[in-house]
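# Geometric and topological summary
Letter by letter, the chains look like this.
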Amino acid sequence: MDEQAVLGLNPNADSDFRQRALAYFEQLKISPDAWQVCAEALAQRTYSDDHVKFFCFQVLEHQVKYKYSELTTVQQQLIRETLVSWLQAQMLNPQPEKTFIRNKAAQVFALLFVTEYLTKWPKFFFDILSVVDLNPRGVDLYLRILMAIDSELVDRDVVHTSEEARRNTLIKDTMREQCIPNLVESWYQILQNYQYTNSEVTCQCLEVVGAYVSWIDLSLIANDRFINMLLGHMSIEVLREEACDCLFEVVNKGMDPVDKMKLVESLCQVLQSAGFFSIDQEEDVDFLARFSKLVNGMGQSLIVSWSKLIKNGDIKNAQEALQAIETKVALMLQLLIHEDDDISSNIIGFCYDYLHILKQLTVLSDQQKANVEAIMLAVMKKLTYDEEYNFENEGEDEAMFVEYRKQLKLLLDRLAQVSPELLLASVRRVFSSTLQNWQTTRFMEVEVAIRLLYMLAEALPVSHGAHFSGDVSKASALQDMMRTLVTSGVSSYQHTSVTLEFFETIVRYEKFFTVEPQHIPCVLMAFLDHRGLRHSSAKVRSRTAYLFSRFVKSLNKQMNPFIEDILNRIQDLLELSPPENGHQSLLSSDDQLFIYETAGVLIVNSEYPAERKQALMRNLLTPLMEKFKILLEKLMLSQDEERQTSLADCLNHAVGFASRTSKAFSNKQTVKQCGCSEVYLDCLQTFLPALSCPLQKDILRSGVRTFLHRMIICLEEEVLPFIPSASEHMLKDCEAKDLQEFIPLINQITAKFKIQVSPFLQQMFMPLLHAIFEVLLRPAEENDQSAALEKQMLRRSYFAFLQTVTGSGMSEVIANQGAENVERVLVTVIQGAVEYPDPIAQKTCFIILSKLVELWGGKDGPVGFADFVYKHIVPACFLAPLKQTFDLADAQTVLALSECAVTLKTIHLKRGPECVQYLQQEYLPSLQVAPEIIQEFCQALQQPDAKVFKNYLKVFFQRAKP
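Residues numbered from 1 in each chain as written. Predicted model: local features only at pLDDT ≥ 70, side-chain atom pairs only at ≥ 80, totals over all residues. Heavy atoms only, no water.

You'll find the protein chain entered in an unreviewed UniProt entry as Exportin-T, with Callithrix jacchus given as the organism. The Sequence similarities (unreviewed entry) field of the UniProt record for the protein chain holds the comment "Belongs to the exportin family." Annotation of the protein chain in UniProt includes, under Subunit (unreviewed entry), the sentence "Found in a complex with XPOT, Ran and tRNA. Probably found in a complex with nucleoporins. Interacts with Ran and tRNA in a GTP-dependent manner." (UniProt positions renumbered as here; feature names shortened; annotations may be inferred.)

### Looking at the side chain of aspartate 529
Tracing the backbone through its elements, the reader meets aspartate 529 in the loop between helix H27 (520-528) and helix H28 (538-554). At 2.8 Å, the side chain of aspartate 529 and the side chain of arginine 531 are in polar contact. The residues touching aspartate 529, leaving out its near neighbours within four places in the chain, are Arg534 and His535. (Helix = DSSP H or I, 4+ residues; strand = E, 2+ residues; numbered from the N terminus. Polar contact = N/O pair within 3.5 Å; in protein donor to acceptor, adjacent residues only side chain to side chain. Contact = heavy atoms within 4.5 Å.)

### Let's talk about helix H10 (residues 180-194)
In this model H10 runs 21 Å from its N-terminal to its C-terminal C-alpha over 15 residues, within 8% of the 21 Å that 1.5 Å per residue would give. Listed as buried for H10 are Ile180, Leu183, Val184, Ser186, Trp187, Tyr188, Ile190, Leu191 and Tyr194. Contacts made by the buried residues of H10 are with helix H7 (124-132), helix H8 (136-154), helix H9 (162-178), helix H11 (199-212) and helix H12 (224-233). (Expected span 1.5 Å × (residues − 1). Buried < 20%, exposed > 50% of the residue type's maximum accessible area, 1.4 Å probe, protein only.)

### Re the nonpolar core
In this structure, Met175, Trp187, Phe291 and Phe878 are the most contacted members of the largest nonpolar core, which totals 344 residues. Here this core takes 13 residues from helix H23 (residues 443-459), the largest share from any one element. Excluding residues that lie within four positions of it along the chain, phenylalanine 878 makes contacts with Leu904, Leu919, Tyr923, Leu924, Leu927, Phe937, Phe956 and Phe957. (Core = buried A, V, L, I, M, F, W, Y, C linked by side-chain atoms within 4.5 Å.)

### Some thoughts on the UniProt feature "domain: Importin N-terminal" (unreviewed entry) in the protein chain
In this structure's numbering, the residues bearing the UniProt feature "domain: Importin N-terminal" (unreviewed entry) are residues 21-89. In residues 21-89, the share of helix is 78% and the share of strand is 0%. The end C-alpha atoms are 27 Å apart.

### Some remarks on the packing of aromatic side chains
Under the defined criterion, the tally for this structure stands at 52 aromatic pairs. Measuring from centroid to centroid gives 4.8 Å for tyrosine 385 and phenylalanine 391, while their planes differ by 75°, and the two rings are edge-to-face. When sorted by exposure, tyrosine 385 lands in the same class as phenylalanine 391, which is buried. Between tyrosine 798 and phenylalanine 799 the ring centres are 5.1 Å apart and the planes differ by 45°, which places this aromatic pair in the tilted class. One aromatic cluster is present, formed by Phe468, Phe502, Phe503, Tyr509, Phe512, Phe513, Phe527, Phe548 and Phe551 through successive ring pairs. (Phe/Tyr/Trp six-rings, centres within 6.5 Å; stacked < 30°, edge-to-face > 60°.)

### Comments concerning the layout of surface pockets
Of the voids in this model, the largest pocket is the one considered here, and its volume is about 700 Å³. Every residue lining the largest pocket is counted, 23 residues in all, and those nearest its centre are Glu339, Asp341, Thr384, Asp386 and Phe401. Those elements that provide at least two residues to the lining of the largest pocket are helix H18 (341-346), helix H20 (366-382), helix H21 (396-418) and H23. With seven residues, the top contributor of residues to the lining of the largest pocket is H21. Residue composition of the lining of the largest pocket, grouped by class: six nonpolar, three polar and 14 charged. Counted as a void, the second largest pocket has a volume near 570 Å³. Lining the second largest pocket are 22 residues, with Tyr385, Arg405, Arg451, Glu501 and Glu504 sitting closest to its centre. Looking at the lining of the second largest pocket, the elements that each hand over two or more residues are H21, H23, helix H25 (496-508) and H28. (1 Å grid on protein atoms, 1.4 Å probe; cavity = no way out; pocket = protein on both sides within 12 Å on 5 of 7 lines; lining within 4 Å. Points joined across faces, edges and corners; volume = space filled by probe spheres on them. Nonpolar A, V, L, I, M, F, W, Y, C, P; charged D, E, K, R; others polar.)

### Some points on the environment of valine 671
For valine 671, the position within the fold is in the loop between helix H32 (641-661) and helix H33 (677-687). Residue valine 671 is classed as buried on the basis of its relative accessible area, which comes to 2%. Placed 57 residues apart in sequence, valine 671 and glutamine 614 show a C-alpha to C-alpha distance of 9.5 Å. Contact partners of valine 671, with chain neighbours within four places excluded, come to Phe665, Cys676, Ser677, Tyr680, Cys714 and Leu715.

### Structural notes on the packing of helix H30 (residues 589-604) against H32
At a minimum axis separation of 8 Å, H30 and H32 run at an interaxial angle of 35°. Crossing of H30 over H32 shows right-handed handedness. In this structure, H30 contributes Ser589, Gln592, Leu593, Phe594, Tyr596, Glu597 and Gly600 to the contact, and H32 contributes His653, Gly656, Phe657, Arg660 and Thr661. Residues of the contact of H30 with H32, tallied by class, amount to four nonpolar, six polar and two charged. (Axes fitted to C-alpha atoms, helices over the stretch in contact; angles between N-to-C directions. Left-handed = near helix turned anticlockwise from the far one by under 90°.)

### Some details on unusual backbone geometry
Located in the positive-phi region is aspartate 133, a residue other than glycine, with phi close to 50°. Residue placement: aspartate 133 occurs in the loop between H7 and H8. Assessed through its relative accessible area of 58%, aspartate 133 is described here as exposed. Phi is positive for glutamate 716, which is not a glycine, with a value near 55°. Among the structural elements, glutamate 716 can be located in the loop between helix H34 (697-715) and helix H35 (723-730).

Dropping the structure here:
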């Protein structure tokens, strides 16, 4: 063996050595007999270096996993003997092997086991056990092998083929028959032997029992001698966490509901009498987290038993099960309220399912009502942030608390289903008492009080946010709380979490302000001053920008009296901050988008006459246009690339802001009706020169393109005069990506204006195609994936363009391009349908072909088109599906085939018997199709129901492909 190469396996080796080692490993994997060198090295303990030993096991693993069937019987025997002699050697080693080597060895044993157990090595476990006996090193390896086998057989994270799944089931059945009782006996001996002397081995053994219990006969484990031993381990500090997990697996095992109930109850009695239910006496939170998981498992198991018994109509036992569940609630509550969130989180499942039972009962006892209230108080308490929560720099702990809060929210929603009145009353009590004294209350309590009000909106759902109508007592309670929220002054609380919760809740209950509009001014002030958009925290400013826009949109009817005041107050927030002025603006450009949209909404939805709206919109957009002109000039003169980029970004923001204001228009309030066309046309004239700027083309073009998309929607035909020159600029020095993004713009114009843009389309049709073909024909590196993908996407865009033109009744645009160009276009469509293995493009191509046949395929179609149909389109309908790459099991490909069927049907419709005759006498015989199949094909084609032919065509090609 090349020991120099193997040295590179050491994680500290330099990269050259590592490369050499990896190459050597690949070489050995391919070599037919290298594994024998490794087997011998392991059996004879040739190497002392850990990485070399690990490497040898890796080579063996590869052999067993991928090449085992190629070995002779003698060679297979050699691998078995190597592993057993390595195992024997471990008994005598002065030092145990490193953990990573033991785990890798266990994996190789497990792979060999699943390969050989059913055929060549039925005595696998007996052989292993006879070697290891009760030697601690041997036992350690035996247990690791068992865990590796379990993960090969039952690990749900490993994806198995159906063949492997069948084999695994057979192995488990055979093990249950032949050796499981012996294995269970060996586990009992190991536990008994090592429970007081070797905690590591004992814990490993408990893990094995927990893993195997899910698929072996439970009575082998759930019996007095085993359970008593496990309960004994619960009192040994180093074993109790593993014992807890093992008991959890026992409890989780599916079984008869009455037996499960008895098992859980007997466990609980013993645990309770041993003092485990006295949670407050226990200080070890890691153990309590496992114990909480166990109690959760016991509770949920009892609930499953109750559900099954109710379903089976066994009322007597169901009552017993419910009684058993009720007696665990006190313990559940202790764990739920525990200050450690992991402990609390582990019991939430039981809690949730218990509430689900209560929801199904017609009447609740006093005790059950008390339980509901206790759960509610626990949830409210646990929702509270702790002192350590870092709001400015949220890390992993904070993320875990946010997840935990989501679990608590589900509990709150479930509580609302059980007793909505109680939830409303409890939240109201907490909310009112907290907000009365908010100035002297800690931030986390104020935040949670407002949070609870916020959560009620989802817990007590209504349609369209109508919380303040309908049920009078609920509406008045929510109205009272909202009134308190906006009048208490709590929006001035000096903590970001409270401020954010305040604004989130205001927006969630915006309908309150239609009932009590007198509170709108003070809330608007909160949004606009140091509490909201001018807060010292960027996080608060950013979120408020979004919430403010939502608030204004939802209450646009009530905003009329405040419009000019708001527009004046947000003036400074609308400033385009160019890179050179140095001062940091309050809002990021993304946040400013919301402010621009809000300004647009205020103007457009106001009750002002059109002239006033136009004046306000001009005031809003003129500063952007002026700044844009200045910055564009600066960009043209700039030499420094970094400065060019920041100027281009700034220009792009300006265009984006103007675009965003146009989102306020609708079918009821069009640009025309609001008298704003002229302002946006001015914007267009201001922004379009950026298209001819040679610097930072990508950024500038993308912004202007988006603006054009918006203007096509908003300005309708008024935008048309600008399109030709814009298109001309955008087609200069194009890359694939530019064209790909430009084509949707042309598609939008074509689909919207149809015949109106026919002259423009005819004029730019060939220049656009030349630009596309030029990019598609550019040579690219053979393995350049991104270039290949770009070309594929451009090809799709090109075909989508042709589809739009033909589908919008504009086929004359193509027809008027001269015979040579028309043919060139048609040939590209045929190529797209047949030659490129891209089902999305193929589908589009067949749609184009059927449309052209429909338009031109009749007796009065263009000269020569009928010939083209028979020479090219008909063959395409067969050549494409016959390609190996045309995968009929793929959904997209089936859609392409469906369009191919439509094309053939359309040809038949347009050409009639002539088409059938051509298929029967010329084309299909040329493909060597049997006469009876030809007959069958032509009959299916002539069926009036298109679906029949589509289904037939799929079967036809499935038969035709080897």
